[in-house]
Amino acid sequence: MDRLAASGRFLFASVEMQDEVGISAAAARSVLSRLAAQKLVASPARGLYLILPPEYRSLGALPAAH
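Let me sum up the structure you'll find in this document. (Residues numbered from 1 in each chain as written. Predicted model: local features only at pLDDT ≥ 70, side-chain atom pairs only at ≥ 80, totals over all residues. Heavy atoms only, no water.)

**Considering the nonpolar core**
Now for step 1: Residues Phe12, Met17, Ala28, Leu32, Leu35, Leu40, Val41, Tyr49 and Ile51 constitute the largest nonpolar core, which totals 9 residues.
Now for step 2: When residues of this core are traced back to their parent elements, those giving at least two are α3 (25–37) and β3 (48–51).
Now for step 3: Residue contributions to this core peak at 3 residues, all from α3.
Now for step 4: Discounting chain neighbours no more than four positions away, the residues touching Val41 are Met1, Phe12, Leu32, Leu35, Ala36, Tyr49, Leu50, Ile51 and Leu52.
Now for step 5: Grouped together as the second largest cluster of nonpolar side chains are 5 residues, Leu50, Leu52, Tyr56 and Leu62 included. (Core = buried A, V, L, I, M, F, W, Y, C linked by side-chain atoms within 4.5 Å. Buried < 20%, exposed > 50% of the residue type's maximum accessible area, 1.4 Å probe, protein only. Helix = DSSP H or I, 4+ residues; strand = E, 2+ residues; numbered from the N terminus. Contact = heavy atoms within 4.5 Å.)

And the structure:
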């Protein structure tokens, strides 16, 4: 997530994460569920995740202008 955010990407698919990290789909769901509970990511659609920068975590999403 840090590498994506540092490169300016805030949206990623769970399949990308599985391939990058080398984990199963079940493990990816578990990790992403924990990250969502901590408000580090949000899921605008099934399988898509949005990295939430610290300044927008209280909103739970990026502003529409982004």
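What follows picks up the thread again.
**Notes on the sheet that holds β3**
Now for step 1: On the basis of which strands lie adjacent, the open sheet formed by 3 strands has the order β1-β3-β2 and antiparallel pairing. In the strand order of this sheet, the two ends are held by β1 (11–13) and β2 (41–45), each with one partner. Each strand axis lies, on average, 35° off the axis of its neighbour in the sheet, ignoring direction.
Now for step 2: By the bridge criterion, 3 bridges tie β1 to β3 in an arrangement that is antiparallel. Looking across to β3, one finds that Leu11 is bridged to Leu50.
Now for step 3: Along the sheet, helix α2 (residues 14–21) contacts β1 and β3; its crossing angle with β1, the most-contacted strand, is approximately 75°. (Pairing = 2+ DSSP bridges. Axes fitted to C-alpha atoms, helices over the stretch in contact; angles between N-to-C directions.)

**Section: the pairing of β3**
Now for step 1: With 3 bridges connecting them, β2 and β3 associate as antiparallel partners. Paired with Ala45 across the bridge in β3 is Leu48.

**Digging into the pattern of salt bridges**
Now for step 1: Applying the stated rule across the entire model yields 2 salt bridges.
Now for step 2: Salt-bridge contacts for Glu20 lead to Arg3; the nearest nitrogen and oxygen are separated by 3.1 Å. Placement of Glu20 in helix α2 and of Arg3 in helix α1 (residues 2–6) is noted, with a sequence separation of 17 residues between them.
Now for step 3: We note a salt bridge from Glu16 to Arg9, for which the minimum N-O separation is 3.0 Å.
Now for step 4: Relative accessible area serves as the criterion here: at 37%, Glu16 is assigned to the partly exposed category. (Salt bridge = Lys/Arg side-chain N within 4 Å of Asp/Glu carboxyl O.)

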